[in-house]
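Spelled out, the chains give:
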Amino acid sequence: MISLRGLTKEFPGGVRAVDALDLDIGDGEFFALLGPSGCGKTTLLRTIAGLETPTSGTVAIGGADVTRLPPGRRDVAMVFQDYALFPHMDVTANIAYPLRIRKVPRARREEKAAETAARLSLTELLARRPGQLSGGQQQRVALARAIACHPKVFLFDEPLSNLDARLRLEARTFLKRLQRELAVTTVFVTHDQGEALALADRIAVMSAGRITQLGTPAEVFRRPATTFVAGFIGSTPMNLLPGTAEGGRLHVAGAVLPLPSEVPDGPVVYGLRPEYADLSPSPPPFGDGDAFSGKVAVVENLGTAHLVTLECGDHLVQAVAPEGEEPALGALAWVVPRPGRALIYRDDALLTAA
Ligand code: ATP
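Residues numbered from 1 in each chain as written. Predicted model: local features only at pLDDT ≥ 70, side-chain atom pairs only at ≥ 80, totals over all residues.

### Re the site of the ligand
- Taken together, Phe 11, Val 15, Ala 17, Gly 35, Ser 37, Gly 38, Cys 39, Gly 40, Lys 41, Thr 42, Thr 43 and His 191 make up the full set of residues near the ligand.
- Broken down by secondary-structure element, the contributors of at least two residues to the shell around the ligand are strand 2 (15-25) and helix 1 (41-49).
- The greatest single-element share of the shell around the ligand, amounting to three residues, is contributed by helix 1.
- Here the shell around the ligand is composed, by residue class, of four nonpolar, seven polar and one charged. (Near = placed C-beta within 6 Å. Helix = DSSP H or I, 4+ residues; strand = E, 2+ residues; numbered from the N terminus. Nonpolar A, V, L, I, M, F, W, Y, C, P; charged D, E, K, R; others polar.)

### Brief notes about the packing of helix 3 (residues 106-119) against helix 4 (residues 135-148)
- Between helix 3 and helix 4, whose axes approach to 9 Å, the crossing angle comes to 130°. The orientation of helix 3 with respect to helix 4, classified from their angle, is oblique. Handedness of the helix 3/helix 4 crossing: right-handed. Touching Lys 112, Ala 113, Thr 116 and Ala 117 of helix 3 are Ala 144, Ile 147 and Ala 148, all from helix 4.
- Here the residues of the contact of helix 3 with helix 4 are counted per class, giving five nonpolar, one polar and one charged. (Axes fitted to C-alpha atoms, helices over the stretch in contact; angles between N-to-C directions. Parallel < 35°, antiparallel > 145°, perpendicular 65-115°, else oblique. Left-handed = near helix turned anticlockwise from the far one by under 90°. Contact = placed C-beta atoms within 7 Å.)

### Quick notes on the sheet that holds strand 17 (residues 305-312)
- An order of 15-19-16-17-18 is seen for the five strands of this open sheet, with the pairing classed as antiparallel. Looking at strand neighbours, the two that pair on one side only are strand 15 (277-280) and strand 18 (315-322), the edges of this open sheet. Strand-to-strand twist across the sheet, computed as the mean angle between neighbouring axes with direction ignored, equals 45°.
- Sheet analysis places strand 17 next to strand 18, joined by eight bridges and oriented antiparallel. Counterpart to Val 308 in the pairing with strand 18 is Ala 319. (Pairing = 2+ DSSP bridges.)

### Section: the sheet that holds strand 8 (residues 185-190)
- The strand order across the open sheet built from six strands is 6-7-8-3-9-10, with neighbouring strands paired in mixed fashion. The open sheet terminates on both sides in strands that have one partner only, identified here as strand 6 (76-79) and strand 10 (210-215). Ignoring which end each strand starts from, the neighbouring axes of this sheet average 20° apart.
- Two elements, strand 9 (residues 202-207) and strand 10, share five bridges in a ladder whose sense is antiparallel. Each residue of the ladder has a partner; that of Ser 207, found in strand 10, is Arg 210.

What follows is the structure in structure tokens.
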């Protein structure tokens, strides 16, 4: 449905916000552009929308090259972070606005607005102005405005970021259900990895104008291609520890761990999610070196579990302890990695799991 070839956007001053990008997004796909601030995701979305002109490369939508078409002729609807509602218009007029631009007769567009509003539970609010709505309601009006004109593609720029944490979770579920029902190809920008994992069919993790990894949420979570992706994805940051592979063993943060035979000797980075490590108050039976050991430096309450930080020599190692099993501050503890769950990186590329 969306096909980008060699897409580059350079701003005056030489900033390459999007750098020679190739990407294909399928019909009906819910696609996330994920990355830290400044990685180029908004510029990429705006280039697909036609709000930015690429320096080079092409944008095709539904098989047609739209690179030179203005936004209004691309059959896309964009929802902005601040919703960009018209403050002087009521909800009906806001929703119907794109239809008015398309010269749809008044009766028809009001009918369409009412129909879309009902779908998004906005019927009671049709006569209100944006200033009389909550953030969540404004977001739904912005969505309704996008839906009312039946575009080929939805483009969302951080659509949930103005909502408070709780409303954000509700809106996320709502958005996912709505996208499934409508089955419209959707590209959304977010810097929130949890949001991308929860919503998207596929995620492109971006850094410095390029795609670092493209995959399903499960692929990006389980096998991050680089340490940048590994550090970025996950609600608790992955442990990323420098180590040395030597004769099938890995020396890392005071532990000596078994390694798959295909890892050649040399420096590596050892990645382990805190969720994939078991904490123990005593050394593991199979040998003291087979686990990280250290003093408990920090215990953070996550609600249903605790995140525990151990001082292991010069390094900090984090592990998640189930509710009620968290060690005391200052106690000695051992962190046992679950087999096959650790990731071994060399030269910032994933070698294997261990
Ligand atoms: P954020 O999450 O903070 O919005 P982003 O990943 O969406 O970040 P962009 O807004 O696309 O990033 O910006 C990418 C790069 O391009 C940044 O270095 C930014 O400073 C630069 N940039 C964006 N818009 C312009 C502009 N109009 N003129 C010059 N540079 C720009």
